[in-house]
Amino acid sequence: MPYKQRKIFNFQRLHLEEPDIQKYTLIEIEKIMHQYEHSLTEFEDMPQLEVDVLKDLGNSLLNEESRYNVQKEKKDHNKLLSSLNVQQKQVYDAVMESVENGLGKLFFLYGPGGTGKTYLYSTIISELRSERKNFLPVASSGIAALLLPAGRTAHSRFKIPMDLNEDSLCHIKPGTILAELIEKTDLIIWDEAPMAHRYAFEAVDRTLRDLMSMKKSKAKDQPFGGKTVILGGDFRQTLPVIPQGSRADTVLASIKQSYLWDSCKVFSLKKNMRLQESQGNFAAWLLSVGDGTAPTNETKDVNEDDGQMVVVDPKFIMQSTGDHLQDIFKATNAENKLSKSTYASVTERAILTPRNETVDEINTYMLEHLPGTSKEYLSLDSMGKGDTVNTAYESLYIVEYFNSLEFPGLPKHQLALKVGAPIMLIRNINQKEGLCNGTRLIVTRLGKRLIEGERVTGTHAGQKVILPRIILSPPDSKHPFTLRRRQFPVRVCYAMTVNKTQGQSLKSVLLFCLNQFSVMVSCMWRSHV
Ligand SMILES: Nc1ncnc2c1ncn2[C@@H]1O[C@H](COP(=O)(O)OP(=O)(O)OP(=O)(O)O)[C@@H](O)[C@H]1O
């Protein structure tokens, strides 16, 4: 620390006393914590910085949100605005009217993939930036947040609790930097809204009403405390995941079932701006599947709850020979493409399947056929220290039992990797650096304690990152203890579940449905899945 300060002050004979060193060190820790939207003040046992110093540092968080070139933003905005289609312009006008007059309206922007939602958000954001207005762009998933300028996940931005119920509040204390940032915000954009549980929106709504009503009492009766909010997405895409939930549970968890929905002004974008004319028929058919209007087979055996069998154009179907792994291998031309996972082969293609077990089966097969030696990493599993059951139960469970446990979103005990294999992060590690749940990489080096990968998705594509093992626990466990697994937060991603691809742009998709249809559907279409 003394060395760093001497360099900063350019004064070699600078002498720092013990309390100064401690203060500078705390400032550095606070700066690092700001990057992850945390603060030393959250840890009562830690020495604290003086209030004035904290305030100055806090302002840097606000400044960070407004560090852009106003002239450039204005120029970009004018260009984008002039190219908006009629439907996009309608939404733009309504949102800007609400922002400029402080009307605090709540909008829902309903549009299938490719209809220009992100384009519209960018137009609005460039206008707000050029006017030095504040906005908070968030998305329900990390990967969708990466597509928004300065986007964050809604959970991290609003500190939404993981364990939500109908009375939940976000962990935002009045007077903190985050509370101040929210107070100054003119617009909140929440993309991929249909993916989030309605309790998440309601928790943010209640928290914002509380925060804003401290200065303006009428905010208590306004949705989101009187902030203009755009929720966007497509209800045909992934809905909130309710573990072991029924179809009714999923529907009940949707934002449409929230008291907030009554205050929503819904806009629809219909024109697909991504597709070329030739792909229009396929897009129209896909939308009709989502709408439930696609032609179906009348099958007597089908259970009412399972819906109907949609007729798929034979040109998209490949009949399975029975050996589905080999069929997939051949269909993806893996023999030629596996030898070296290139940007294109990883970023533009994916094998999608509904179940995690099938994903593992396909990934293992593909990895076995990738030239090179496989390296196996075993996790270190233990029981959480804070468990009330602790020592008495510890002797009941053998470590092999912990190793055998598998949870969604948790890496496996046995993780086999090869250089050249595509992997996907399964935890949000550093949103600002584009390292979030769903970021894809190609393994470039396999060390003893670290692995190195090259990012292939997002704005940081091409950059290498070194990943350590981290301790992970399943968010919700049915066991009387919390499993702590120390493992690399990654999984191989030749194949992935349909849910995992939400928000990813893919050019070529092979959809594998085992048992349900015994066929594979392959399609070539650039879209968000
Ligand atoms: N008005 C427009 N003029 C020109 N290009 C546009 C316009 N609107 C959208 N686009 C282009 O169309 C493509 C799809 O737009 P965008 O990504 O905004 O759609 P989206 O609705 O966000 O899709 P998804 O839900 O799949 O993310 C992009 O390449 C975008 O640049």
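Residues numbered from 1 in each chain as written. Predicted model: local features only at pLDDT ≥ 70, side-chain atom pairs only at ≥ 80, totals over all residues. Heavy atoms only, no water.

## Describing the packing of aromatic side chains
Here is step 1 of the chain: Applying the stated criterion across every chain yields a total of nine aromatic pairs.
Here is step 2 of the chain: Summarising the aromatic geometry, the rings of F108 and F235 are spaced 5.2 Å apart at their centres and angled 20 degrees between planes, so their arrangement reads as stacked. Here F235 lies in the loop between β5 (228-233) and α11 (247-252) and F108 lies in strand β1 (residues 106-110), a separation of 127 residues in the sequence. Considered together, F108 and F235 belong to a single accessibility category, that of buried residues.
Here is step 3 of the chain: Ring-pair connections join several aromatic residues into one group, and the members of that group are F108, Y110, F235 and W261.
Here is step 4 of the chain: Over the ring of F235 we find K256, and its NZ or CZ is 4.8 Å from the ring centre. (Phe/Tyr/Trp six-rings, centres within 6.5 Å; stacked < 30°, edge-to-face > 60°. Helix = DSSP H or I, 4+ residues; strand = E, 2+ residues; numbered from the N terminus. Buried < 20%, exposed > 50% of the residue type's maximum accessible area, 1.4 Å probe, protein only. Lys NZ or Arg CZ within 6 Å of the ring centre and 35° of its normal.)

## Quick notes on the UniProt feature "domain: DNA helicase Pif1-like 2B" (unreviewed entry) in the protein
Here is step 1 of the chain: Within this structure's numbering, the places UniProt gives as "domain: DNA helicase Pif1-like 2B" (unreviewed entry) are residues 400-446.
Here is step 2 of the chain: In residues 400-446, the share of helix is 11% and the share of strand is 32%. The end C-alpha atoms are 25 Å apart. (UniProt positions renumbered as here; feature names shortened; annotations may be inferred.)

## Points about empty space enclosed by the protein
Here is step 1 of the chain: Taken as a whole and assessed by the stated rule, the structure comprises one cavity of 30 Å³ or more.
Here is step 2 of the chain: The computed volume of the largest cavity comes to approximately 50 Å³.
Here is step 3 of the chain: Considering the residues around the largest cavity, the lining is formed by N356, V359, M424, R491, V492, C493, A495, M496, T497 and K500.
Here is step 4 of the chain: Contributions of two or more residues to the lining of the largest cavity are made by α16 (356-369), β20 (490-492) and β21 (495-497).
Here is step 5 of the chain: Of all the elements, β21 adds the most residues to the lining of the largest cavity, at three residues.
Here is step 6 of the chain: Here the residues of the lining of the largest cavity sort into six nonpolar, two polar and two charged. (1 Å grid on protein atoms, 1.4 Å probe; cavity = no way out; pocket = protein on both sides within 12 Å on 5 of 7 lines; lining within 4 Å. Points joined across faces, edges and corners; volume = space filled by probe spheres on them. Nonpolar A, V, L, I, M, F, W, Y, C, P; charged D, E, K, R; others polar.)

## Let's talk about helix α4 (residues 70-83)
Here is step 1 of the chain: Over its 14 residues, α4 extends 20 Å from the first C-alpha to the last, a length consistent with the 20 Å expected when each residue adds 1.5 Å.
Here is step 2 of the chain: Inspection of α4 places E73, H77 and L80 among the buried residues, and these make up the whole buried set. Taken end-on, α4 shows its buried residues confined to a sector of 75 degrees, consistent with a single buried face. More than 90 degrees from the buried face of α4, the exposed residues found are Q71, K75, K79 and S82.
Here is step 3 of the chain: In this structure, the buried residues of α4 make contact with α5 (86-100) and α6 (117-130).
Here is step 4 of the chain: Where α4 begins, one side-chain oxygen reaches toward the backbone nitrogen of Q71, 3.0 Å away; that side chain belongs to N69. (Expected span 1.5 Å × (residues − 1). Arc of directions from axis to C-beta. Contact = heavy atoms within 4.5 Å. Polar contact = N/O pair within 3.5 Å; in protein donor to acceptor, adjacent residues only side chain to side chain.)

## So, the sheet that holds strand β6 (residues 264-268)
Here is step 1 of the chain: The parallel open sheet is built from six strands, whose spatial order is β3-β2-β4-β5-β1-β6. For this open sheet the edge positions go to β3 (152-153) and β6, each flanked by a neighbour on one side alone.
Here is step 2 of the chain: Where β1 meets β6, five bridges bridge the pair, whose relative direction is parallel. Counterpart to F108 in the pairing with β6 is V266. (Pairing = 2+ DSSP bridges.)

## Here we look at the nonpolar core
Here is step 1 of the chain: Ranked by internal contacts, the top residues of the largest apolar core, which has 31 residues, are F158, W190, F201 and L231.
Here is step 2 of the chain: The set of elements that each furnish at least two residues to this core consists of β1, β2 (134-139), α8 (154-158), α9 (177-183), β4 (185-191), α10 (198-213) and β5.
Here is step 3 of the chain: For this core, the element with the highest residue contribution is α10, accounting for six residues.
Here is step 4 of the chain: Beyond its immediate sequence surroundings of up to four residues, F201 is in contact with W190, A193, A196, F224, L231, I255 and L260.
Here is step 5 of the chain: Core analysis: the second largest hydrophobic core is formed by 30 residues, I351, A421, I451 and L467 among them. (Core = buried A, V, L, I, M, F, W, Y, C linked by side-chain atoms within 4.5 Å.)

## Regarding the side chain of T353
Here is step 1 of the chain: Looking at the element boundaries, T353 is found in strand β10 (residues 349-353).
Here is step 2 of the chain: Under the relative-accessibility criterion, T353 is labelled buried at 1%.
Here is step 3 of the chain: Excluding its chain neighbours within four sequence positions, the residues that come into contact with T353 are T358, V359, I362, M496, T497, V498 and F512.

## Quick look at the sheet that holds strand β15 (residues 440-446)
Here is step 1 of the chain: Pairing is antiparallel in the open sheet, where five strands are placed in the order β17-β16-β15-β14-β20. A strand with exactly one partner marks an edge of an open sheet, and here the two such strands are β17 (464-468) and β20. On average, adjacent strands in this sheet sit at an angle of 45 degrees to one another, irrespective of strand direction.
Here is step 2 of the chain: Of the strand pairs in this sheet, strand β14 (residues 422-425) and β20 are connected by three bridges, and their pairing is antiparallel. Among the inter-strand pairings, L425 is bridged to a residue of β20, identified as V490. (Axes fitted to C-alpha atoms, helices over the stretch in contact; angles between N-to-C directions.)

## Considering the pairing of β5
Residues in a regular strand point their side chains to alternate faces of the sheet.
Here is step 1 of the chain: Buried residues dominate β5, accounting for six of its six residues.
Here is step 2 of the chain: Of the two faces of β5, both are covered, the one formed by T228, I230 and G232 as well as the one formed by V229, L231 and G233.
Here is step 3 of the chain: For β1 and β5, the ladder comprises five bridges, and the chain directions are parallel. From the neighbouring strand, F107 faces β5, where its bridge partner is I230.

## Let's talk about the packing of α5 against α6
Here is step 1 of the chain: Following both chains from N to C, one finds α5 and α6 inclined at 35 degrees, their axes separated by 10 Å at the closest point. Note on packing geometry: the crossing formed by α5 with α6 is right-handed. Taking contact as the criterion, the partners of Q88, V91, Y92, V95, M96, V99 and E100 in α5 are, on α6, Y119, L120, T123, I124, E127 and L128.
Here is step 2 of the chain: Across the contact of α5 with α6, the residue classes break down as nine nonpolar, two polar and two charged. (Left-handed = near helix turned anticlockwise from the far one by under 90°.)

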